[in-house]
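# A structural walkthrough
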Amino acid sequence: NAGVTQTPKFRILKIGQSMTLQCTQDMNHNYMYWYRQDPGMGLKLIYYSVGAGITDKGEVPNGYNVSRSTTEDFPLRLELAAPSQTSVYFCASSGQVNEQYFGPGTRLTVT
Amino acid sequence: GQQVMQIPQYQHVQEGEDFTTYCNSSTTLSNIQWYKQRPGGHPVFLIQLVKSGEVKKQKRLTFQFGEAKKNSSLHITATQTTDVGTYFCAGQWGAQKLVFGQGTRLTINP
């Protein structure tokens, strides 16, 4: 199993550009999450999904959108990137046991 | 919203010394999880505590959940350089999503 994979690993965006961060898991987990981690800080939940076709907002959803058309994929869309969205983005998934498995992260810089 | 406060924010120890990080909630938790994040890496699940007063051990790591289920601690005995990283607690209240603490960054002088 590859676990949770994320692409790209790094990205630099100009202010106002858009992009999609990809996340895929091969563990057949129903629950998937997107977090952002600012330097020296904890993880803030952006969006989550409890299954295909179902998504909900987390703590910091503004400026982001998600979709969940399949169990495996949970892409995060950034529209009109702003410097405040410079962060490391982690995707995670969990099954019935509740522990979360994290992907390697995407380091995004908006300049 | 619900929060978990984690202290200290940073801890520097000599190799071989013990280390403890604490996590507190103002309200009763359903469960608490602990994660470790190595520098430049991603969080990795360590353990979940569910029962009041629960104590679990993993080699040199001891995890405790308070009797009131409002606080938790992670204690590392005789630290090694492989213990370097940031340790996060994450609390859950009922069916709500996990809320992560700010983490304790551990550095070790070999």
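So, here is what we can say about the structure in this document. (Residues numbered from 1 in each chain as written. Chains lettered and ligands numbered in written order. Predicted model: local features only at pLDDT ≥ 70, side-chain atom pairs only at ≥ 80, totals over all residues. Heavy atoms only, no water.)

Oppositely charged side chains may form a pair once their charged atoms are brought near each other. Residue and element names in this part refer to chain A. Tallying each qualifying case throughout the model produces 5 salt bridges over all chains. Note that K44 is salt-bridged to E59, the shortest N-O span being 3.5 Å. Linking K44 in strand β5 (residues 43-51) with E59 in the loop between β6 (54-57) and β7 (64-66), this pair joins segments that are 15 residues apart in sequence. E79 is paired through a salt bridge with R77; the nearest N and O atoms lie 3.1 Å apart. You can call E79 partly exposed: its relative accessible area is 36%. (Salt bridge = Lys/Arg side-chain N within 4 Å of Asp/Glu carboxyl O. Helix = DSSP H or I, 4+ residues; strand = E, 2+ residues; numbered from the N terminus. Buried < 20%, exposed > 50% of the residue type's maximum accessible area, 1.4 Å probe, protein only.)

The next thing to look at is the state of the cysteines. All names here are of chain A. Applying the stated criterion across every chain yields a total of 2 disulfides over all chains. The disulfide partner of C23 is C91, and the gap between their sulfur atoms is 1.8 Å. For the disulfide bridge between C23 and C91, the dihedral angle about the S-S bond is near -70 degrees, and by the sign convention the bridge is left-handed. With a gap of 68 residues between them, C23 in strand β3 (residues 19-25) and C91 in strand β9 (residues 87-94) connect regions that are remote in the sequence. (Disulfide = S-S within 2.5 Å.)

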